[in-house]
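One-letter residues, chain by chain:
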Amino acid sequence: MFATKSVADDLATAPLKGRSLWADARARFFHNRAAVTGLIVLIAVACFAIMGPFIAPWNNEDIDWNVLGNVQTGGRPSLETGHWFGTDALGRDLFARTVQGTQISLLVGIVGALISVIVGTLYGAVAGYFGGRIDNVMMRVVDVLMSIPYMFVLILLLVVFGRSLFMLFVGIGLVSWLDMARIARGQTLTLKGKAYIEAARATGVRPFTIILRHIIPNLLGVVIVYATLLVPSMIIYESFISFLGLGVQEPLTSWGALINDGAAEMTNGTLWMLTWPLLFFVITLFGFFFVGDGLRDALDPKDR
Amino acid sequence: MSAPLLDIRDLSVTFSITRQGGWPWSAPHRLQAVRGASLTLAPGQTLGLVGESGSGKSTLARAIVGTVPASEGQVLWRGKDIVSMTAEQHRNHGRHVQMVFQDPLDALNPRMTVGQIVAEPLRTHFPNLSKAEIHRKVGAMMERVGLLPALINRYPHEFSGGQCQRIGIARALITDPELVVCDEPVSALDVSVQAQVVNLLQELQREMGLALLFIAHDLSVVRHISHRIAVMYLGRIVEVAEAEELIENPRHPYTKALIASVPIPAPKAERARHRPVLQGELPSPMSPPSGCVFRTRCPIAQPNCADAPPAVQKLDDTHWVACPYHANTDKPVQI
């Protein structure tokens, strides 16, 4: 009797903490072993990119003149020379180069995904929410942009305006949001019929407030999943462009450029130049895919 | 009757439906969901709105709230027409008219806490209120609808259907509205919870002097809560009367059939009584019958019912019926 009363008192006074859908999703995500492993790999790669410059014994631009003549033997990965990953064909430390390549590739992936999340989600949500003629015009614009081969646009941009990191971001930003806009619009159309949107409209909430307060938070699950799967595809685009020799310029480098360099030296018995960047490339992509998968299962438990 | 809070005059709502497989410029189909509806609602009163699915009850309610545009007619709110208001005026007007929905869980944003949901109309209409003040008001309102204020940080999926409906009611009442439109607020709940919610609404109506527009297809619930009842069929209001008068002395053949369809909870009496059952289906609102829309299923239809829509007849001050042959309902006429 006593105990019951005090529990009732507690209930009446102290606000209880609710369990949001996000908290539920987090719990489900951390139960997924593959996803957690992927996340740990990604954190490790990110740490590698951030901490690498401070622990590398060599600078990424300095040429080790002792190695230059005999890269095949002197440039092998070894702990004594300080070239942990070996050197590239010019005698530059591959560890430092890989760190730099990781930074650039991750940056490209994340910037691309970020542009697509911000622009694509807002664009799609606005088109879907207002509907009618506005929706028609906005989505036809997306269709037109989509019909242009993105690789062609990217190559043209880089050739016409010169190869620079900025142009690369612009090019990737131009194409990355199109798919996201379509996905966000489709989801918005289903959300629009929900009674809570109508309740907000009946109360007199402004359309843009409705989009930001009611539609976007409910879109976010799908958007986050798609964004994590978009990061690796952005990295692949960039790698492909760099592999063609159009991407980032020396002395900057990226995974694609490093893999390209390594592949060129493949026949000379210096396989480490290919394997190290390739290893990072592959584990990062796997990491993103596993995390993306885990997020999808965690955020849409019904869609499994 | 005192000056009406809400005076609906000849309200029509038409939807355009894009023709399947047509050209983008070909004229869309017209669907008249509500046609020439006229109603009044006094402050503090409850108007029940009944009719079968597809009769336009919800559309009429949405036209009053303003989430569906009216194509013709007027909705006068204390003499001001809200159909012709600008979007901005309309948003401000939202404070006075609130809505309670059928599916309680669907009406609450799953990503917001109960506190945020209930506070939304306050934040919209009183942006200058301090956080503490909003928190206090939300807590008080939750208590009033029978929820523990301690649950303010919980999310909708942590509540039962009845509790969710209480949250919906709290959200509707937080700005002190004068009219609450309840669109089948109890049909998604089980019977014992229905009674709780209906009683809560009545209680709040007495305390706050609310006017209610109560939509349902359960006549017994509507009879319990309403002062007056309007019956709709295929977008038209066919009969309006005081609640008891309408149930005891229905005049329109459709109202009679509707009342006859309510089972009596006594098997013997139920088996003994005569039940005129309506034949056929509700006609498509895309191509309604000419003249009186009910004539295709009406037991007393006359040949000239097809000629023109029946005029609304005033039986006494409060009883209106849209059927010229309401007097001879008891003697079915064979055509």
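What you see is a predicted model; the values in this text were computed from it and never measured.

Reading the values: the criteria
- Residues numbered from 1 in each chain as written.
- Chains lettered and ligands numbered in written order.
- Predicted model: local features only at pLDDT ≥ 70, side-chain atom pairs only at ≥ 80, totals over all residues.
- Heavy atoms only, no water.
- Contact = heavy atoms within 4.5 Å.
- Buried area = accessible area lost by both parts, 1.4 Å probe.
- Salt bridge = Lys/Arg side-chain N within 4 Å of Asp/Glu carboxyl O.
- Polar contact = N/O pair within 3.5 Å; in protein donor to acceptor, adjacent residues only side chain to side chain.
- Helix = DSSP H or I, 4+ residues; strand = E, 2+ residues; numbered from the N terminus.
- Nonpolar A, V, L, I, M, F, W, Y, C, P; charged D, E, K, R; others polar.
- Pairing = 2+ DSSP bridges.
- Axes fitted to C-alpha atoms, helices over the stretch in contact; angles between N-to-C directions.
- Phe/Tyr/Trp six-rings, centres within 6.5 Å; stacked < 30°, edge-to-face > 60°.
- Buried < 20%, exposed > 50% of the residue type's maximum accessible area, 1.4 Å probe, protein only.
- UniProt positions renumbered as here; feature names shortened; annotations may be inferred.

**Description of the interface of chain A and chain B**
Each partner contributes residues to the interface: chain A has 30 residues there, and chain B has 32 residues. Carbon and sulfur atoms supply 53% of the area that chain A and chain B bury against each other, a total of about 2,800 Å² over both sides. Across the chain A-chain B interface, the total number found is four salt bridges. Summed over the shared surface of chain A and chain B, the result is 13 residue pairs in polar contact (both at pLDDT 80 or more). Where the side of chain A that touches chain B is concerned, the elements lending two or more residues are helix 1 (2-13), helix 2 (21-30), helix 10 (195-203) and helix 11 (207-243) of chain A. Residue contributions to the side of chain A that touches chain B peak at eight residues, all from helix 10 of chain A. Split by residue class, the side of chain A that touches chain B holds 15 nonpolar, seven polar and eight charged.

**Some points on the sheet that holds strand 1 (residues 6-17) of chain B**
All names here are of chain B. The strand order across the open sheet formed by four strands is 2-1-4-5, and the pairing between neighbours is antiparallel. The sheet is open, and its two borders are formed by strand 2 (29-41) and strand 5 (80-81), each paired with just one other strand. With respect to the sheet, helix 1 (residues 57-65) is in contact with strand 1 and strand 2, its orientation differing from that of strand 1 by roughly 110 degrees.

**Considerations on the packing of aromatic side chains**
This model, assessed by the stated rule, comprises eleven aromatic pairs over all chains. Pairing F29 of chain A with F30 of chain A gives two aromatic rings, centres 5.5 Å apart and planes at 85 degrees, and the pair type is edge-to-face. Since its relative accessible area comes to 7%, F29 of chain A is described here as buried. When its relative accessible area of 49% is taken as the criterion, F30 of chain A is described as partly exposed. Pairing Y233 of chain B with F294 of chain B gives two aromatic rings, centres 4.9 Å apart and planes at 80 degrees, and the pair type is edge-to-face. Taken together, the positions of Y233 of chain B in strand 9 (residues 228-233) and F294 of chain B in the loop between helix 10 (267-272) and strand 11 (313-314) put the pair 61 residues apart, joining distant regions of the chain. Across the pair, F294 of chain B and Y233 of chain B agree in class, each one buried. Aromatic rings pair up to connect F48, F95 and F280 of chain A into one cluster.

**Focus: the UniProt feature "domain: ABC transmembrane type-1" (unreviewed entry) in chain A**
Under the UniProt annotation, "domain: ABC transmembrane type-1" (unreviewed entry) lies at residues 102-292 of chain A. Along residues 102-292 of chain A, the helical share is 84% and the strand share 0%, with 20 Å between the first and last C-alpha atoms.

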